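Understanding the architecture of this molecule
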Amino acid sequence: MTISIGVIGTGNIFSAYMKTPKRFRQLTVVGVASSSPEAATPMATAFGLKAMAVEDLLASEATIILNLTPPLAHHAIGMKVLQAGKHLFTEKPLAASFAEGKELVALAKKRKLRMGCAPDTFLGAGAQATRAFIDSGTLGTIRHGTAHFMCHGPDHWHPNPNFFYQQGAGPLMDVGVYYVTHLVNHLGPVASVSGKAHTTYETRVIALGANQGKRIPVEVPTHIVTHLNFVSGAQIVLTSSFDIWKHGHAPIELYGDEGSLMGNDPNLFSGRIKFARQLGPWETLSEKRPYTSNARGIGLVDMALAIERNVQHRCNDSLALHVLEVMERALDAARTGSELRMTTRCQRPEPLSEKLF
Ligand SMILES: NC(=O)c1ccc[n+]([C@@H]2O[C@H](COP(=O)([O-])OP(=O)(O)OC[C@H]3O[C@@H](n4cnc5c(N)ncnc54)[C@H](O)[C@@H]3O)[C@@H](O)[C@H]2O)c1
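Each residue is numbered by its place in its chain's sequence as written, counting from 1. Only residues with pLDDT of at least 70 get local features here, since the model is predicted, and only at 80 or more are side-chain atom pairs given and counted; chain-wide, interface and lining totals rely on the full set of residues. Excluded from the side-chain calculations are hydrogens and water; all other atoms, namely the structure's heavy atoms, are used.

1. What about the domain arrangement of the chain?
- We note that the domain assignment places domain 1 (3-119 + 296-313) and domain 2 (121-290 + 323-341) within the chain.
- Each partner contributes to the interface: domain 1 provides 16 residues, whereas domain 2 provides 22 residues.
- Surface buried jointly by domain 1 and domain 2 totals about 1700 Å² across both partners, of which 66% is contributed by carbon and sulfur atoms.
- Salt bridge, as used here, is a side-chain nitrogen of Lys or Arg placed within 4 Å of a carboxyl oxygen of Asp or Glu. Viewed at the interface, domain 2 and domain 1 are joined by one salt bridge.
- One salt bridge in this structure joins D174 and K92, with 2.8 Å as the shortest N-O distance. Those domain boundaries reflect an automatic or database domain assignment. Contacts are assigned to residue pairs that have any heavy atoms within 4.5 Å of one another. Defined in terms of a 1.4 Å probe, buried area is the accessible area two parts forfeit on being brought together, summed over both.

2. With respect to the pairing of strand β1 (residues 3-8)
- Burial classes: relative accessible area under 20% of the type maximum marks a residue as buried, over 50% as exposed, and values in between as partly exposed (1.4 Å probe, protein chains only). Note on conventions: DSSP H or I runs of at least 4 residues are helices, E runs of at least 2 residues are strands, and numbering of each starts at the N terminus. Of all six residues that make up β1, six are buried, and the element is covered over most of its length.
- Neither face of β1 is left uncovered, since the one carrying I3, I5 and V7 and the one carrying S4, G6 and I8 both have all their residues buried.
- In this description, strands pair whenever DSSP reports at least two bridges between them. The sheet contact formed by β1 and strand β2 (residues 27-33) spans six bridges and is parallel. Bridge pairing in β2 links I3 to L27.
- Bridge count between β1 and strand β4 (residues 64-67): four bridges; the pairing is parallel. In the strand pairing of β4, I8 is matched with N67.

3. Brief notes about the environment of F89
- Looking at the secondary structure, you find F89 in strand β5 (residues 87-90).
- Spatially, the C-alpha atoms of F89 and K102 are 15 Å apart, while their sequence positions differ by 13 residues.
- Those residues in contact with F89 that lie beyond four places of it in its chain are Y17, I64, I65, L66, N67, G116, C117, A118, G299, L300, M303 and C315.

In structure tokens, the structure reads:
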């Protein structure tokens, strides 16, 4: 089987994805596009690929288009891709708003095309070991938990961090999305959300690159505390922040009737996972699974294989749309001071134990 893909967006995350065709040799990259062919040329040259105009890429033999543009462009690019009759795999979030996400899902359904969405880190060894451990019942029914994504924002390490402080990003939509996706993979869908949010600093200063020293506006909340009420009954408090220099919380902690678990960082494919039975000592959970290090693109490969096998892919649009609704409702709930119910539900994706590449 050979899968031809085209890539739109050749920025910061592009290089990480380009490792996938090297490891999964059935994947061939037809060409790469960006805002203009000239903008795509440096990365295309660096990776020995063809720089193309978006329209030419959409008319090419590529069967799947990988969308690596910033969140505010996800909807417009995604609609073009689907209208061109191509399957779409997009970086997170699915779209900058739930309404746009719904439009994408409706068009994909109408055109009978697959749509997949990052994050795919939940297919890594860490989250899959955690999921299997939860499913084994050792922790008993999971009642409560905490999740913490807290840092001081991307202005230290990203040369063009503007989009992180615009609609469709911020700490919840940009990185909290990994946490919400992992929690839904572990526990199932969310029933309702409530919380608080605020913007601590009105502007940020870019710390590196061509725009070093430039002050950029902050248009989204940068510290968000969300109470996630899962359909299963689990109550999880998620803090997503771009305002915190350091902290000492585990990324995810889950508390069940029979014990507690500390999960790995959902932004990574693995990490130390510990559990304790009731008052017993903390024990380390063995991962012993594939994909312990950066395997970005595994969700795309899983989708390509699922198309071939005519089965559901794991990073699917139903999961991505539910996660997008959870995040948007969390921000709405914080703004209005109310508890908001979800209109979407999704299945937990099938566990992954086999090696895809
Ligand atoms: N940077 C990271 O570490 C990282 C990690 C994981 C996920 N992501 C996600 O990947 C996506 C891209 O992030 P990035 O950091 O690479 O962004 P970036 O700003 O570095 O690059 C974006 C690319 O998209 C192109 N682009 C922008 N608008 C376009 C349009 N309308 N049409 C065609 N091309 C367009 C730009 O020219 C650029 O090549 C985002 O959704 C982000 O959330 C980024």
